[in-house]
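# Structure assessment
Now for the letters of each chain:
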Amino acid sequence: MQNHLTIDRNGQTGSPAAAPDQPEYMVRATGVVKEYRTGTSTLQALKGVDFSVARGEMVAVMGPSGCGKTTLLNCLSGLDDITEGQVWLEGVDLATLSDKQRTESRARRMGFIFQVYNLLPVLSAVENVELPLLVSGVKSREARDRSREALKTVGLERWAGHRPAELSGGQRQRVTIARALVNNPAIVWGDEPTGALDSTNATDILNLMRDLNRDHGLTLVIVTHDPGVGAGCDRIVRMRDGEVVGEERPSGEFGLDGLGLTHGTEDGVQMPSRTAQLTRELYGQS
Ligand SMILES: Nc1ncnc2c1ncn2[C@@H]1O[C@H](COP(=O)(O)OP(=O)(O)O)[C@@H](O)[C@H]1O
Ligand SMILES: [Mg+2]
């Protein structure tokens, strides 16, 4: 296992004031309760979750459908308000931030990779990748340069001018990863990032995430159904029915080949309105 406490983010300095008692945590959550109220009934999707992630760690969150994995990700990244408990990101208590500050924090410090690629079909790969930079005010020339660099990191520099429809499912997910990386985030959240890929592409994407973690010290939290992905992470956190029920450290050997546990669809280009909405939710596009 790597010593995540010594990893420095590639020239990145000046993280926001970390609470002195927890400088090593990228994310720390205690007693998180999340209730959804629909009409007269209340559903407790998270029932007092404690969860922490060290800087440079790659953590899988696993558990049955409906157990609260996506809810946890949304609460930890500040996309959703929590009902009770506390969440610190890089030592900053999310409750002390306004909605605007949380949105800014996502745009500056976080990347997101989802099962469906959420790429705008009318934009080329490089244009899709530069979106989070443009919405956070980076000049177009610099945004384009950094987007090309991010595409290079994921091995797609030759495909920069191609639209999603001209790319394979695995290539599209690489574009999504490039977009998640382009703002040089402190943490990347993945919600079933390999869920729509066949096993070969899923293995590629897992290897890419693993490389980014090892080579760039990127912190990743990955919700996954895929035991192969879990086995490729430093730690697996198990959830059930709104609670964390256990955790384990895989041996380090991983791979998806032959497990046959990934899903088969590659039809992941999203409708523009949904993608635009998602971009707004994540990065506060005006
Ligand atoms: N916006 C919402 N409103 C009401 N209930 C929700 C909402 N989002 C999720 N839930 C419920 O919360 C529970 C956890 O959902 P979710 O976090 O999506 O699970 P998972 O990602 O593990 O499949 C489920 O019972 C789900 O129906
Ligand atoms: Mg989910």
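Residues numbered from 1 in each chain as written. Chains lettered and ligands numbered in written order. Predicted model: local features only at pLDDT ≥ 70, side-chain atom pairs only at ≥ 80, totals over all residues.

With that settled, the discussion passes to the overall build of the protein. Across its full length, the protein carries eight helices and 10 strands. Counting every position in the protein, which comprises 286 residues, the buried fraction comes to 44%. Across the protein, contacts joining residues at least 24 apart in sequence account for 75% of those joining residues at least 6 apart. (Helix = DSSP H or I, 4+ residues; strand = E, 2+ residues; numbered from the N terminus. Buried ≥ 20, exposed ≤ 12 C-beta atoms within 10 Å, placed from the backbone. Contact = placed C-beta atoms within 7 Å.)

So, on to the confidence of the model for the protein. Chain-level pLDDT for the protein is 83 on average; 80% of the residues reach the 70-or-more range. The lowest-confidence element of the protein is helix α8 (residues 272-283), averaging 55 in pLDDT; the highest-confidence one is strand β3 (residues 58-62), averaging 98. Throughout residues 1-20 the model reports pLDDT below 50, and contacts reaching past four residues in sequence, or to other chains, amount to 30 contacts. This model gives residues 253-275 a pLDDT under 50, and the stretch forms 56 contacts once residues within four places in sequence are excluded. (pLDDT = per-residue confidence, 0-100.)

A few words on the sheet that holds strand β1 (residues 25-38). In spatial order, the strands read β2-β1-β4-β5; together these four strands make up an open sheet with antiparallel pairing. Of all strands in the sheet, those with a lone pairing partner are β2 (41-54) and β5 (92-93), marking the two edges. Sheet analysis places β1 next to β2, joined by 11 bridges and oriented antiparallel. Its bridge partner lying in β2, Ala 29 is registered against Phe 51. (Pairing = 2+ DSSP bridges.)

Here the focus is the nonpolar core. Core analysis: the biggest nonpolar cluster contains 72 residues, and Val 61, Val 87, Ala 178 and Val 221 have the highest contact counts within it. In this structure, Val 87 is in contact with Ala 29, Val 32, Cys 75, Leu 76, Ile 82 and Leu 94, ignoring residues within four places of it in sequence. (Core = buried A, V, L, I, M, F, W, Y, C linked by C-beta atoms within 7 Å.)

Contact geometry of helix α3 (residues 125-135) with helix α4 (residues 140-153) gives a least axis separation of 8 Å together with a crossing angle of 120°. Considering their axes alone, α3 and α4 lie oblique with respect to each other. Our pair here, α3 against α4, has a crossing hand that is right-handed. Listed contacts from α4 to Ala 125, Val 126, Val 129, Glu 130, Leu 133 and Leu 134 of α3 are Ser 140, Ala 143, Arg 144, Arg 146, Ser 147, Arg 148, Ala 150 and Leu 151. Class assignment of the residues belonging to the contact of α3 with α4 gives a composition of eight nonpolar, two polar and four charged. (Axes fitted to C-alpha atoms, helices over the stretch in contact; angles between N-to-C directions. Parallel < 35°, antiparallel > 145°, perpendicular 65-115°, else oblique. Left-handed = near helix turned anticlockwise from the far one by under 90°. Nonpolar A, V, L, I, M, F, W, Y, C, P; charged D, E, K, R; others polar.)

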